[in-house]
Amino acid sequence: MQTVFSLVTGMFKAVTFTSGTADEREVVNADKQHPVLKIMDAGYVSYALLELIHKAGSYFMLLGKCNMTGKITACFLKGKSLTNFIDKDLKEPLLRAYRPHDILDMDVILNNGLQVRVLRVWSNNKGTVSYLITDIPRQCFPAQYAILIQKLRWSIELLFKCLKSRVNLRGVNTSYLTIVYTVAQASLIAAIIKYLIYLYLDEKHRYYISMYKVFVNCDPWWDEYCVNLFKLNIRALKQNFKMIRTIANQYRKSQTSNTRKEEFKSFEAVIEFLAKAPIKTTIEANFSYA
């Protein structure tokens, strides 16, 4: 199941079923009528695809592979130009070793001639440097903010973690496409119901709720709630909501959530920071469509 997910709306924009061996890069569209910012992981590295997205008027940001190549035409460290790496290749060993905990902001010409911006950043998870590839102009987003934007991709990972944990959105061992559609649609309907309960607790009653906990720990009310929902038994549904509120504490986010917010590891924290950042007018001028 190949999906296009919107971080703006928090919803799927398109769902396509392909063979299990299909190349996920083949389903990435580059619609000139609807330019967007596409945030992707290293599995989508294709210089031809990046050129197609760029020519369509969209922006992209994705993780680069450790062996990626390209000629460096400019390099900046904390706003100052580093001439030592100009005309060097991204595979240059010194590039990975030079002050690894600092961000190197580079202009790079890829093998297909496309000029991109490559950020060399330190990855705490991997214990080494990683690359971010983007066509977002330097005057639009400083390197530190661009890195925060890449973290927004993890909200997609969280959604699919919820979908695979307790709505059984998994592989189907059948060759009948109708069965595949039926199982997928049933799983997504179950996800919609759980998501509405999450919104009910988190936004209406301000319980600071974890979506994942709602999806996983719904056994006390799930069966009865679904029966009453499809029967349109309003009185019984009100009782279900009352019971759900009484156990809402078990769905609250953990204390580590505050730490994650301080370290900009949550979707909400990044959005809140960028909304208050001094680059707002720059975004409106150069980046509004994304």
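Reading guide: rules and limits
Residues numbered from 1 in each chain as written. Predicted model: local features only at pLDDT ≥ 70, side-chain atom pairs only at ≥ 80, totals over all residues. Heavy atoms only, no water. Pairing = 2+ DSSP bridges. Helix = DSSP H or I, 4+ residues; strand = E, 2+ residues; numbered from the N terminus. Contact = heavy atoms within 4.5 Å. Axes fitted to C-alpha atoms, helices over the stretch in contact; angles between N-to-C directions. Parallel < 35°, antiparallel > 145°, perpendicular 65-115°, else oblique. Left-handed = near helix turned anticlockwise from the far one by under 90°.

## Describing the sheet that holds strand 8 (residues 115-123)
- Strands sit in the order 3-4-9-8-7-5-6 across an open sheet of seven strands; the sheet is mixed. In this open sheet, the two edge strands, each paired with only one partner strand, are strand 3 (37-40) and strand 6 (80-81).
- Of the pairings in the sheet, the one linking strand 7 (residues 104-109) to strand 8 comprises six bridges and is antiparallel in character. Across the sheet, residue Asp-105 finds its bridge partner in strand 8, namely Leu-119.
- Its contacts with the sheet put helix 1 (residues 47-55) on strand 3, strand 4 (59-64) and strand 9 (128-134), and the angle it makes with strand 4 is roughly 160 degrees.

## Considerations on the packing of helix 5 (residues 177-204) against helix 8 (residues 234-246)
- At a closest axis distance of 11 Å, the pairing of helix 5 and helix 8 adopts a crossing angle of 60 degrees. Viewed along their axes, helix 5 and helix 8 adopt a mutual orientation that is oblique. Along this stretch, helix 5 crosses helix 8, giving a crossing that reads as right-handed. Between helix 5, through Ile-197, Tyr-200 and Leu-201, and helix 8, the contact on the second element is made entirely by Phe-241, Ile-244 and Arg-245.

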